[in-house]
Amino acid sequence: MLHTELATLARVLRDDIAPHSHSESAVLSDRPHARLIRYGTPEQLTAARAAGTVPVLLVPPLAVPARCYDLAPGSSPGNSVVEFLLAGGTIPYVIDFGPVTRAERRLGFEDYFDSFVPRAIRDVVDDFRGGGDAVDLLGWSLGGTLSLMTAANDPGLPIRSIMTVGTPLDYMKLPPYPLVRRILAPTGGRPANYVLAALAGIPAPLVQLVYRGFAWERELKKPWYILKNLNDDEALARMQVIDRFQRSLPGYPGKVAQQMLANFIVRAELGTGVLRFDDLTVDLRSITAPVFMVGSHLDAIATHAAVAHGEQLFTASSHVEFHTVESSHLGMLTGAAAEQHTWPAMAAFRARLDAERLPS
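An unreviewed UniProt entry lists the protein chain under the name Putative hydrolase, with Gordonia hirsuta DSM 44140 = NBRC 16056 given as the organism.

Engineer: Mind laying out the sheet that holds strand E14 (residues 320-324), listing which residues take part and the relevant values?
Structural biologist: Taken in spatial order, the 8 strands of this open sheet run E1-E2-E6-E3-E7-E8-E13-E14, and their pairing is mixed. Of all strands in the sheet, those with a lone pairing partner are strand E1 (25-31) and E14, marking the two edges. Ignoring which end each strand starts from, the neighbouring axes of this sheet average 20° apart. As paired elements, strand E3 (residues 56-59) and strand E7 (residues 135-140) share 4 bridges and run parallel to each other. Counted as the bridge partner of Val56 is Asp136 from E7. Packing against the sheet, helix H15 (residues 336-357) makes contact with E3, E7, strand E8 (159-165), strand E13 (291-295) and E14, and its axis sits at approximately 165° to E8.

Engineer: Let's hear about the packing of aromatic side chains: which residues, and what values?
Structural biologist: Throughout the structure, instances matching the rule amount to 9 aromatic pairs. Considering the side-chain rings of Phe109 and Phe277, the 5.8 Å spacing of their centres and the 50° angle between planes classify their relative orientation as tilted. Placement of Phe109 in helix H4 (residues 109-128) and of Phe277 in strand E11 (residues 274-277) is noted, with a sequence separation of 168 residues between them. Across the pair, Phe277 and Phe109 agree in class, each one buried. Here the aromatic residues Phe109, Phe113, Tyr171, Tyr177, Phe264 and Phe277 are joined through ring pairs into a cluster of three or more.

Engineer: An account of the pairing of strand E2 (residues 34-39) is needed here, citing residue identities and associated values.
Structural biologist: Where burial is concerned, most of E2 is hidden: 5 out of the 6 residues are buried. By the bridge criterion, 6 bridges tie E1 to E2 in an arrangement that is antiparallel. Counted as the bridge partner of Ala26 is Arg38 from E2. In this structure, the hairpin formed by E1 and E2 is closed by a connection of 2 residues, where His33 is found at a positive phi of approximately 65°. The pairing of E2 with strand E6 (residues 92-96) spans 4 bridges and is antiparallel. Residue pairing in the sheet places Arg38 in a bridge with Tyr93 of E6.

Engineer: Describe unusual backbone geometry, naming the residues involved and giving the relevant values.
Structural biologist: Cis geometry is adopted by the peptide bond preceding Pro176, which originates at Pro175 and carries an omega value of 5°. In this structure, Pro176 sits in the loop between E8 and helix H6 (177-184). Positive phi outside glycine occurs at Ala63, with the angle close to 70°. Structurally, Ala63 can be placed in the loop between E3 and strand E4 (70-72). The exposure class assigned to Ala63 is buried, which follows from its relative accessible area of 5%. Positive phi is not limited to glycine here, since Ala268 has a value of about 50°. Since its relative accessible area comes to 11%, Ala268 is described here as buried.

Engineer: Would you mind going over helix H11 (residues 254-266) in detail, with residue names and values included?
Structural biologist: Helix length check: H11, at 13 residues, gives a terminal C-alpha distance of 17 Å against a target of 18 Å (1.5 Å per residue), a fit within 8%. Burial runs high along H11: 11 of the 13 residues are buried. For H11, the full list of buried residues reads Gly254, Val256, Ala257, Gln259, Met260, Leu261, Ala262, Asn263, Phe264, Ile265 and Val266. Where H11 terminates, the next one or two residues include Ala268, which has phi positive at roughly 50°.

Engineer: Lay out the pairing of E13 in plain terms, naming residues and giving numbers.
Structural biologist: When you tally the buried positions in E13, you get 5 out of 5 residues, the bulk of the element. Residues of E13 alternate between two faces, with Val291, Met293 and Gly295 on one and Phe292 and Val294 on the opposite face, all of them buried.

Reading the values: the criteria
Residues numbered from 1 in each chain as written. Predicted model: local features only at pLDDT ≥ 70, side-chain atom pairs only at ≥ 80, totals over all residues. Heavy atoms only, no water. Pairing = 2+ DSSP bridges. Helix = DSSP H or I, 4+ residues; strand = E, 2+ residues; numbered from the N terminus. Axes fitted to C-alpha atoms, helices over the stretch in contact; angles between N-to-C directions. Contact = heavy atoms within 4.5 Å. Phe/Tyr/Trp six-rings, centres within 6.5 Å; stacked < 30°, edge-to-face > 60°. Buried < 20%, exposed > 50% of the residue type's maximum accessible area, 1.4 Å probe, protein only. Expected span 1.5 Å × (residues − 1).

Following this line, the structure appears as structure tokens:
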């Protein structure tokens, strides 16, 4: 028994318990900061086109790798949104924004919602050729913010619906940002802006450290968790999947980081729904497409109140749904809680939209 447990511990240290698996995919375009990937086999694509299903474009958060939607296909509980969508007959696409270095320091939100994401939406519709020439957007965390900004910025885009998971829509409901705002308001946030400019954004090591800080209890208990589960490869594999994800977090581009400080915190524009970026004004209140949101009281990154604020914002939307799924920030998207609650609610939402498309 001791020999077996020591062997398992060695595998934990080598990070080789969880398989390095990925769903089958094809790269459709490899543009800088906007790599577009389609998941699924040729047979699944043919079946989805024939059935007329609406494809889903997965929009990752900034400072998070695109594979957050396909963490560990084939594992239990479900750790792949991609696998779930494919099993239901939907073809998922993902836009990969790529790594963030000093070279990306001039990228701002407008590059994403006015260029990268709209172009990906059009490419998805052109590639799929079915489902009424429309696409559903799914964004986790800041990916949901980008999705909403994209829809609000160009009402003519073929977007059927926007689905968000753990997307805060009022940073004044996220501690400690109200205090940060009071401190920075007299200077307009200029001292912090100078720091962000000098760093060319928020570097990856700092992002990874902060993410672990939000899950400090998990990090503190990890040695005990490993020892307790030396005979449970499934539990250790789940741990390794999350650890790999945390180690892969990239940074924030410089201009985006400065805009988050100015627009989301100092000026608190996100909570009002009206955001101003240079010569572009984005009014989230103007979104008419159906909106689906998921929040949690257990989320240490996006509070339940900050996510639920969307119910007050989307007054022009034809349909607004808010669901509470009590799990962590990542757990609402992937894992046991997502498999049992988030994904079925999402499927039911899309099924209602499908029913509305059918001729009476």
